[in-house]
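Letter by letter, the chains look like this.
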Amino acid sequence: MKEVMIMEEQQKTAQYIKMVETPVPKLIITLGIPTIISMLVTNIYNMADTFYVGKLGTSASGAVGIVFGLMAVLQAFGFMFGHGAGSIISRKLGQQDTKSASRFASTSFFLSLTVGLLIEVMGLLFLEPFMLLLGSTETILPYAKQYGMFILLAAPFLTSSCVLNNILRYEGRAAYAMVGLTLGAILNIVLDPIFMFVLHMGALGAGLSTAVSQLISFIVLLGMFLSGKTESKLSIHLITKDLHEVIMILCVGFPSMVRQGLSSISTMVLNAQAAVYGDAAVAAMSIVNRISMFIFSVGLGMGQGFQPVAAFNYGAGKYERVKKGFWFTACFGEILLGTFAMVGFVLSGTVIGWFRDDPAVIKIGITALRFQCIACFFQPLTVCTNMMFQSVGKSGRASLLSSLRGGVCFLPCILILPHFFGITGVQIAQTIADVVTFLITLPLLLQFLKTLSKDKLHSEV
């Protein structure tokens, strides 16, 4: 027993030294690459899902966009608890306080399970009105109900997997998170055609394969904690009895809730605005969103590699490492996203055609995708700034920035522009929102970096 405790203490010390002494670029790349792989594989699944469902018809293809809004609702809660607890856990580990880290981990995990279960029950009871609320048309509705039913059945696993994944990342164990996420996504890609076409289950099969893969991913991620591979532990007995600590999780995670919640609302409004122009428009925007998320995931993955570095070093008082990490991540993200965006811009017609050979879908999708590719150049700095604010506990500023891209800036654009420019207004709304978000973010970033320098000088006195 004593030898086990000594080994655990050595492991904690080694992890601490790794997080505060490894050269920042090397550390971020080490943590970012597994996350990028996870997100790329997950987004490849999303695109494969869109590809397979698209073979059932244009209305079925539109259902993918509707259910994407449902998944955004579930992820909103999962990321709120996951990012909220993860940021606090990383800072606690930076202060070498593992007992508090386990308390926050357990509390967020069981909260996410409970919320996921509540959404599952309410969603299944009101399935049809829920799908209509998410933007479904009458012709898309049958496919959306079949697909969405299984997503709701898997809701508790999806929300809690978000928590487990984020805690692993914030502990600096992104490779473990990668295993769980990629295994689930690969399984989904394999099961989709089997359930949909071999077993002739159609859209129902797409939903079932997603539910099964989410369950397997949850089991693998949970196993990382139960097998002792993490510093923070999970136990129902460790759930905090201090309401203040629950509020801390909610406050720190609120920017993620805002970001994902507004993403869900924005998807609903986008579907509703696109539906005015028919199922082809809904299908086209759904396909473009999946492709854009694939490109975006590259930069987002590297940003998520930066988050534990920012939180851990901020907690340890290593402020200069936080600044170096920010600029490295933002510049690296600009190069990655810029490269993918240029390829997507040039090959937009070909890429859209992979998912749906409907000429109307391709025509609408080409313009929308090209504008989304332009928006990619404005995203790295705004995303990295938001992630840094959330990681160091500046939840107010993080919540403000989270509300911009998918809400405060996007919703007026998507509601107003189509009245003046028709379908073009739907296609350009996100790009304009990204530019405005960038312009608002820049001064907030520069002011914080100046303050961070003062904090560092003060800590050295």
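Every value quoted in this text rests on a predicted model; they were computed, and no experiment measured them. (Residues numbered from 1 in each chain as written. Predicted model: local features only at pLDDT ≥ 70, side-chain atom pairs only at ≥ 80, totals over all residues. Heavy atoms only, no water.)

1. Considering the overall build of the chain
Helices and strands together make up the secondary structure of the chain, namely 18 helices and zero strands. Relative to the globule expectation of 23 Å for 461 residues, the C-alpha radius of gyration of the chain, 22 Å, shows essentially globular dimensions. Summarising its shape, the C-alpha atoms of the chain cover approximately 65 × 45 × 35 Å along the three principal directions. Across the 461 residues in the chain, those meeting the buried criterion constitute 59%. (Helix = DSSP H or I, 4+ residues; strand = E, 2+ residues; numbered from the N terminus. Rg over C-alpha atoms; globule rule 2.2 N^0.38 Å. Buried < 20%, exposed > 50% of the residue type's maximum accessible area, 1.4 Å probe, protein only.)

2. Looking at the packing of helix 15 (residues 379–391) against helix 16 (residues 395–408)
For the pair helix 15 and helix 16, the least separation of the axes is 7 Å and the interaxial angle reads 150°. Relative to helix 16, helix 15 is oriented so that their crossing is left-handed. For the pair helix 15 and helix 16, contact is made by Q379, T385, N386, F389 and Q390 and by S395, R397, A398, L401, S402 and R405, respectively. Looking at the contact of helix 15 with helix 16 residue by residue, the class counts come to three nonpolar, six polar and two charged. (Axes fitted to C-alpha atoms, helices over the stretch in contact; angles between N-to-C directions. Left-handed = near helix turned anticlockwise from the far one by under 90°. Contact = heavy atoms within 4.5 Å. Nonpolar A, V, L, I, M, F, W, Y, C, P; charged D, E, K, R; others polar.)

3. Observations regarding the side chain of D434
Within the secondary structure, D434 is located in helix 18 (residues 423–460). Given the relative accessible area of 2%, D434 is considered buried.

4. Focus on a nonpolar patch on the surface
Side chains of L117, V121, M122, L125 and F126 sit close together on the surface and give an oily, nonpolar patch of about 500 Å² of accessible area. Structurally, F126 is set in the loop between helix 4 (98–125) and helix 5 (127–133). (Patch = residues over 30% accessible without salt bridge, like charges linked within 9 Å, V, L, I, M, F, W, Y side chains within 5 Å. Areas by Shrake-Rupley, 256 points an atom, 1.4 Å probe, with all protein chains shown as cover. Salt bridge = Lys/Arg side-chain N within 4 Å of Asp/Glu carboxyl O.)

5. Some points on helix 9 (residues 203–226)
Between the first and last C-alpha of helix 9 there are 35 Å, a value that for 24 residues agrees with the 34 Å anticipated at 1.5 Å per step. After helix 9 finishes, the residue G228 shows a positive phi value of roughly 80°. (Expected span 1.5 Å × (residues − 1).)

6. Notes on helix 8 (residues 174–198)
The terminal C-alpha atoms of helix 8, which comprises 25 residues, lie 36 Å apart, in line with the 36 Å expected from a rise of 1.5 Å per residue. L191 marks the point of greatest bend in helix 8, at about 30°, and the proline P193 comes within the next four residues. Three or more residues of helix 8 are buried, namely A174, A177, G180, T182, G184, A185, N188, L191, D192, F195 and M196. Two residues or fewer past helix 8, H200 is found with a positive phi of approximately 55°. (Bend = angle between axes of the 7 residues up to and from the residue.)

7. Some remarks on the nonpolar core
With 126 residues, the main nonpolar core has I89, M131, L164, F326, M388 and I414 as its most contacted residues. Sorting elements by how many residues they give to this core places helix 11 (residues 279–315) first, with 19 residues. Residue contacts for M131: discarding those within four places in its chain leaves I66, L70, S136, L141, A144 and K145. (Core = buried A, V, L, I, M, F, W, Y, C linked by side-chain atoms within 4.5 Å.)

8. A closer look at the pattern of salt bridges
Side-chain pairs of opposite charge can arise where the charged atoms are in close proximity. Applying the stated criterion across every chain, the model contains four salt bridges. With a shortest N-O distance of 2.7 Å, E245 and R103 are connected by a salt bridge. One end of the pair, E245, is in helix 10 (residues 243–275); the other, R103, is in helix 4, and 142 residues separate them in sequence. Residue classification places R103 among the partly exposed positions, given a relative accessible area of 22%. Across the pair R173 and E171 runs a salt bridge, and its minimum N-O distance is 3.0 Å. The buried category is assigned to E171, whose relative accessible area is 0%. Within this structure, E171, R173 and E231 form a network of salt bridges that share partners.

9. Looking at the confidence of the model for the chain
In this model, the chain carries an average pLDDT of 83, and 93% of its residues clear a pLDDT of 70 or more. For the chain, helix 1 (residues 2–21) is the element with the lowest average pLDDT, namely 61, and helix 4 is the one with the highest, namely 92. Scored below 50 in pLDDT, residues 457–461 makes two contacts in the model with residues more than four places away or belonging to other chains. (pLDDT = per-residue confidence, 0-100.)

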